[in-house]
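Summary of structural features
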Amino acid sequence: MKRPVGSPRRLWRSLYVQVLVAIALGVLVGWLWPEAGRALKPLGDGFIKLVKMIITPVIFLTVVTGIAGMADLKTFGRVGAKAMAYFLTVSTLALAVGLIVANLVRPGAGLGIDPATLDAGAVSSYVSRAHEQSIAAFLLNIIPNTLVSAFTEGEILQVLLVAILFGVALALIGPRGERLLGSLKTITAIVFRMVHILMYAAPIGAFGAMAFTIGQYGIGTLRNLAALIVTFYATSLIFVIVVLGLVARAAGFSLLGLVRYIKDELLLVLGTSSSESAMPLLMEKLERAGCPKPIVGLVVPAGYSFNLDGTNIYMSLAALFIAQACGIHLSLGDQLLLMAVAILSSKGAAGVTGSGFIVLAATLSVVPSVPVAGMALILGVDRFMSECRALTNFIGNAVATIVVARWERAVDPAQLRAAFRGEGDILSEAESDALQIEARSDVPA
């Protein structure tokens, strides 16, 4: 039964409040009882596994039903091309912003670290995993070993590839596939209901993850590299407000309104340090706001590998921090090479905890000017920066999806504003269709 429009909702039933309280309790437990905090790690890991379990069917069903329901498959190809153009442009801009801020603020200057004294063994496991991040390996990994393994291994891009092929094939067989399409739509509704059931465990997962982080690394660790952490958080905030804010304004919607609309999901990402934990909810909310299912199904999962704004800012800032801390001067050419390598190595980094550190290792292993062993300097505080990476990535993908939908003239600003105010559920299907038709007349192709 739906809540009547305008009626108050009990505060304690809000996911936002529940997760916020859970995060605060997790910080308190990890600070006062570190051993107990570390022991709570399975709660956070278990919740993330639950969500990752449901991500595969969510992506597959959303993409397949979206493509198969399209009247023109050329539209799908056009959407993909626009999404990739957006990803490349904005993620490259994020790298450039990180480099500029690192050169202006110079958070690592004056530390005087001798590279020979660094413990390379502390980051050896990350370096070994980074060698698997070559472009060829990444492209080959998009292709699953079997049709079924794409689902059992949980690789987002593999599932996306299979879903696109299945959806296109289903659309091409015409009326014969209508019965299967109807069944898939029913299964989609069931899977999203499962997502809502799993979200009851979100506060528990956020509590366990935050208690472990503080208990394992300690709040005092933050003081050691405060300059880097503050610079990274401030740079990410500036990027979101200025760059993504201008992008949103140019596309005809409010970034602040979007942030308010997805605040529950943002808090969940903050608590778990994983943007994947809220992916199904983000997809559902974007559809509810008026973004067509095919666009949501393509742009959001692809963005988790190709549109990692927070990870890109982190890589450029961390690389220059290490160089500055070790007294290594990087010329403009060295920095441009670093940026070019990072553009490639950042693609395919999933939105899960620790991926940014692995991609940084992959980047530094190609650029000899900066010692990979220097990563040991930031290993202790990397976890505290992963929350900001995940949040920035998450907001960036939400913005990207709406921008592509606007480019396709598939969603109207009035419809977005209504959804952001919490009025999306009261729009009838006919009104929603009328708004989407109207949108096609006010946005250039």
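Anything mentioned here points back to the structure above.
Read on for a plain summary of the structure. (Residues numbered from 1 in each chain as written. Predicted model: local features only at pLDDT ≥ 70, side-chain atom pairs only at ≥ 80, totals over all residues. Heavy atoms only, no water.)

**Comments concerning the packing of aromatic side chains**
- For the structure shown, the criterion picks out seven aromatic pairs.
- With centroids separated by 5.4 Å and ring planes inclined at 45°, the aromatic side chains of Tyr261 and Phe420 adopt a geometry described as tilted. With Tyr261 in helix α13 (residues 255–261) and Phe420 in helix α21 (residues 413–420), this residue pair connects regions lying 159 residues apart in the sequence. The exposure classification of Tyr261 matches that of Phe420, with both residues buried. (Phe/Tyr/Trp six-rings, centres within 6.5 Å; stacked < 30°, edge-to-face > 60°. Helix = DSSP H or I, 4+ residues; strand = E, 2+ residues; numbered from the N terminus. Buried < 20%, exposed > 50% of the residue type's maximum accessible area, 1.4 Å probe, protein only.)

**Things to note about the pattern of salt bridges**
- By the definition in use, this model includes six salt bridges.
- Two residues, Glu408 and Arg78, come together in a salt bridge whose shortest N-O distance is 2.8 Å. With Glu408 in the loop between α20 (382–407) and α21 and Arg78 in helix α4 (residues 73–105), the pair connects residues that are 330 residues apart, well separated along the chain.
- The exposure class of Glu408 is buried, given its relative accessible area of 11%. (Salt bridge = Lys/Arg side-chain N within 4 Å of Asp/Glu carboxyl O.)

**Looking at the side chain of Lys82**
- Mapping Lys82 onto the fold places it in helix α4.
- Discounting chain neighbours no more than four positions away, the residues touching Lys82 are Trp407 and Glu408. (Contact = heavy atoms within 4.5 Å.)

**What about a nonpolar patch on the surface?**
- Together, Val21, Leu25, Leu28, Trp31, Leu32 and Trp33 make up a nonpolar patch on the protein surface, roughly 630 Å² of accessible area in all.
- Position of Leu32 among the secondary structure elements: in helix α1 (residues 15–32).
- When its relative accessible area of 43% is taken as the criterion, Leu32 is described as partly exposed. (Patch = residues over 30% accessible without salt bridge, like charges linked within 9 Å, V, L, I, M, F, W, Y side chains within 5 Å. Areas by Shrake-Rupley, 256 points an atom, 1.4 Å probe, with all protein chains shown as cover.)

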